[in-house]
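# Notes for the structure review
The residues making up each chain are set out below.
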Amino acid sequence: MKTAICYYSVHHGNTLKVVRAMAEVGDIDLIDIRTRQTVRLEDYDCIGLASGIYGFAVHKDLVAFARQYLPAGKPVFFVCTYAGAKGSGAKDLYRIAFQKGCPVLGEFGCRGYNTFGPFKLFGGSGKGLPNDADLARAREFYRSIAEK
């Protein structure tokens, strides 16, 4: 299954670590949405959308990217990294998928290292995350997606 994972990862690269782990076990092209490269997502069997959680939601640039480029009817999955609990961080992506008739195959999430805002004063939270166990779970999540 040919998959594109479109991601937004800044600060400590938590999300990038997770999607790279997934790419180790599948036929996956990683697309950094910040590079503004030309993408033809309709050429893929499945699309992953990945971001850290910023203020309880995935990054607004990933939402805008999905709104503009996600092909109608294409199977999708979501990947989120977060400081505490992810809550309903991917709700905007679910809404876009629903509007475009895209079946959602699943969502992966794990904690990541965070030094944003007040966390910086205390040396950050989630040091060492995502760790090897998180990355192993990410690989297994993608394997389960590829089997669907």
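Overview of the structure. (Residues numbered from 1 in each chain as written. Predicted model: local features only at pLDDT ≥ 70, side-chain atom pairs only at ≥ 80, totals over all residues. Heavy atoms only, no water.)

On a plain count of helices and strands, the chain comes out with four helices and six strands. Along the chain direction, N to C, the helices and strands of the chain fall in the order β-α-β-β-β-α-β-α-β-α. The buried share of the chain, taken over its 148 residues, is 48%. Across the chain, the fraction of contacts at a sequence separation of at least 24, relative to all contacts at a separation of at least 6, is 77%. Of the accessible surface of the chain, which amounts to about 7500 Å², a share of 53% is contributed by carbon and sulfur atoms. (Helix = DSSP H or I, 4+ residues; strand = E, 2+ residues; numbered from the N terminus. Buried < 20%, exposed > 50% of the residue type's maximum accessible area, 1.4 Å probe, protein only. Contact = heavy atoms within 4.5 Å. Areas by Shrake-Rupley, 256 points an atom, 1.4 Å probe, with all protein chains shown as cover.)

With that out of the way, let us pick up the packing of helix H2 (residues 60–69) against helix H3 (residues 91–99). How two helices pack is summed up by the angle between their axes together with the distance between the axes. The contact between H2 and H3 brings their axes to 10 Å, and the two run at 5°. Considered as vectors, H2 and H3 are oriented roughly parallel to each other. Along the contact surface, H2 presents Leu62, Val63, Ala66 and Arg67, while H3 presents Asp92, Leu93 and Ile96. Residue composition of the contact of H2 with H3, by class: five nonpolar, no polar and two charged. (Axes fitted to C-alpha atoms, helices over the stretch in contact; angles between N-to-C directions. Parallel < 35°, antiparallel > 145°, perpendicular 65-115°, else oblique. Nonpolar A, V, L, I, M, F, W, Y, C, P; charged D, E, K, R; others polar.)

Checked against the element boundaries, Lys74 lands in the loop between H2 and strand E5 (76–82). For Lys74, which is buried and forms no salt bridge, the nearest opposite charge comes from Asp45, at a distance of 5.9 Å. Each residue touching Lys74, except ones within four places of it in the same chain, is listed here: Leu41, Glu42, Tyr44, Asp45, Cys46, Ile47, Cys102 and Pro103. (Lys, Arg positive; Asp, Glu negative; His and termini not counted. Salt bridge = Lys/Arg side-chain N within 4 Å of Asp/Glu carboxyl O.)

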